[in-house]
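The chain contents come next:
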Amino acid sequence: MEDCNEAKRLEKNIKIYKKYKMFSYDFVFYYAIFVIYFTTVKNFSMSQVMYFNGFYTFFVFFWQMFGNLILEKIKIKKSIVLGNVLVALQALIYIFGNYFSTLIFAECIGALGFTLKSLSEGTLLYTSLKHTGKRKEFTKIEGKANSKYYYYDAIASILSGLLFLVSPYLPIILCFINTLISLVMSLKFSDIEEKNKERYSVKEIVKDFKTVIKKQRVKSIILFSFVFSGVIAVSTTLYKAIILEMGVGVELNSVIICICTIFVGIGAKQLFFLEAKTKNRTLTFFAAIYTVALLSIGFISHYCGLNIPVTIVMITLLIIIGLIQGAYRVAIKKYVLNFTTSKVRTKITSIYYMAENIGSTIMLFLIGILLNYTTSAMACILFSVISGMILLFILLYIKNKLGLKPEEYDAEEINNTLI
């Protein structure tokens, strides 16, 4: 009877998660207008917006060092709930905060919130699936759940552009309401006890980093994500600034971002198709296509005026960027969670997110400095060339260390497990 009840709780977690992720994955009604919101309503410069994002990723990096300690103390469900409370407070401060220091504080508490959510949500789904014998469905469910968020965000993008013209605060208010919905849904999850899970301490973080350095597979994941996640973080803000600099109005801007967001969702859902085509060169394909598309956006916006053909080409490039973003988020999570046990799963996840966010922080601050001296378009060109060269060297390094068949790895590299 107890096993039956446990199975029902786990199935309930999976069922709720499929709907919950649509509201919880990230902010909605926000990203289509946040650049123009902070530059025109809050009167910050484009460089400050980049610094603003950089502080957020730095705080995420910082909280990753303590996230597992909190998770260990209050368990998975409470971590998700607390994360949603903090994220809701972050959105609320966006509405009322007018000073750069106040908004940095919002980034600090929001970073903790999203850190707790990132460590807990995927673990809750993966563990629930594992205990019900459905572990192999993780990528499928995660991809569909993510795609629902992107479709929802696409609709919200158009609405936020229209609502921004009525009142610039309306999209942020709706963003806050969405975080409350996420919070209420998270209260319905059932907690999970992971057996044989090792305790985590700050001292062990250093030890874990040393362990990671010895494992070529995990080190390759971290090295690639360190750079590529930074490229995504910069480009997500940069291309919105470029569109605005080209003279695109708020309404058309929101439509373009909506189209891009839809294809992020499609990319998340079609990872299976992309993996089948690219095989063990998936990350190479993502890096090459993404940097070339971003470089093209920079060149077109710098050398071409705004007209219908240019607009069509720009939208096409943004669609490509959206597809890669969506597919990459699911793919990298699969790489991180593959070959893990409950003893190391949250540790490896935490180390991955720390690497991802410190890489994003460095790149966001560097592009912020660059924007003090040049336009967004020229900054995009320089950034694409430099980051593309760095990714090329990284891909050559990880060529025979990642994306192999299970039997091609040493047992230690995959924590003595098989998927």
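What comes next concerns the included structure.

Analysis parameters
Residues numbered from 1 in each chain as written. Predicted model: local features only at pLDDT ≥ 70, side-chain atom pairs only at ≥ 80, totals over all residues. Heavy atoms only, no water. Helix = DSSP H or I, 4+ residues; strand = E, 2+ residues; numbered from the N terminus. Buried < 20%, exposed > 50% of the residue type's maximum accessible area, 1.4 Å probe, protein only. Contact = heavy atoms within 4.5 Å. Areas by Shrake-Rupley, 256 points an atom, 1.4 Å probe, with all protein chains shown as cover. Polar contact = N/O pair within 3.5 Å; in protein donor to acceptor, adjacent residues only side chain to side chain. Expected span 1.5 Å × (residues − 1). Bend = angle between axes of the 7 residues up to and from the residue. Patch = residues over 30% accessible without salt bridge, like charges linked within 9 Å, V, L, I, M, F, W, Y side chains within 5 Å. Salt bridge = Lys/Arg side-chain N within 4 Å of Asp/Glu carboxyl O. Axes fitted to C-alpha atoms, helices over the stretch in contact; angles between N-to-C directions. Parallel < 35°, antiparallel > 145°, perpendicular 65-115°, else oblique. Nonpolar A, V, L, I, M, F, W, Y, C, P; charged D, E, K, R; others polar. Core = buried A, V, L, I, M, F, W, Y, C linked by side-chain atoms within 4.5 Å.

Side note on the overall build of the chain
At step 1: Helix and strand counts for the chain come out as 14 helices and zero strands.
At step 2: Burial analysis of the chain (419 residues in total) assigns 56% to the buried set.
At step 3: Counted over contacts in the chain with a minimum sequence separation of 6, partners at least 24 positions apart contribute 86%.
At step 4: When the accessible surface of the chain is summed, it comes to about 17,800 Å², and 67% of that surface belongs to carbon and sulfur atoms.

Here we look at the side chain of Asn84
At step 1: With respect to the helices and strands, Asn84 occurs in helix α3 (residues 46–96).
At step 2: Relative accessible area serves as the criterion here: at 2%, Asn84 is assigned to the buried category.
At step 3: Polar contacts involving the side chain of Asn84 include one to the side chain of Ser186, which spans 3.3 Å.
At step 4: Every residue in contact with Asn84, bar those within four places of it in the chain, is listed here: Tyr20, Ser24, Lys117, Ser182, Leu183 and Ser186.

Observations concerning α3
At step 1: Taking 1.5 Å of rise per residue, 51 residues should cover 75 Å, yet α3 covers just 20 Å from first to last C-alpha, more than 12% shy of that figure.
At step 2: At Lys75, α3 is deflected by roughly 115 degrees, the largest bend along its length.

Comments concerning helix α9 (residues 250–269)
For an α-helix, 3.6 residues make a turn, and residues three or four places apart therefore share a direction.
At step 1: For α9, spanning 20 residues, the distance from its first C-alpha to its last is 29 Å, which sits close to the expected 28 Å at 1.5 Å a residue.
At step 2: Here α9 has its buried residues at Val250, Asn253, Ser254, Ile256, Ile257, Cys258, Cys260, Thr261, Val264, Gly265, Gly267 and Ala268.

Notes on a nonpolar patch on the surface
At step 1: A surface patch of nonpolar side chains, about 770 Å² in accessible area, is lined by Leu382, Val385, Ile386, Met389, Ile390, Leu392, Phe393 and Leu396.
At step 2: Following the sequence through the fold, Leu392 ends up in helix α14 (residues 376–398).

Description of the packing of α3 against helix α4 (residues 100–131)
At step 1: Interhelical geometry of α3 versus α4 gives an angle of 40 degrees and a closest axis separation of 6 Å. Classified by the angle between their axes, α3 and α4 sit oblique to one another.
At step 2: Of the residues contributing to the contact of α3 with α4, the split by class is 30 nonpolar, 15 polar and three charged.

Thoughts on the nonpolar core
Note on soluble globular proteins: their nonpolar side chains tend to be buried together.
At step 1: In terms of nonpolar packing, the biggest core is built from 126 residues, with Tyr30, Phe38, Tyr94, Phe224, Phe228 and Tyr328 touching the most fellow members.
At step 2: Here this core takes 18 residues from α3, the largest share from any one element.
At step 3: In this structure Tyr30 touches Phe38, Phe52, Tyr94, Ile172 and Cys175, once residues within four positions along its chain are discounted.

Brief notes about the environment of Leu364
At step 1: Mapping Leu364 onto the fold places it in helix α13 (residues 345–370).
At step 2: Classification of Leu364 by relative accessible area gives buried; the value is 1%.
At step 3: In sequence terms Leu364 and Thr57 are 307 residues apart; their C-alpha atoms lie 8.8 Å from each other.
At step 4: Apart from the residues within four sequence positions on either side, Leu364 is in contact with Met50, Asn53, Gly54, Thr57, Ala233 and Val234.

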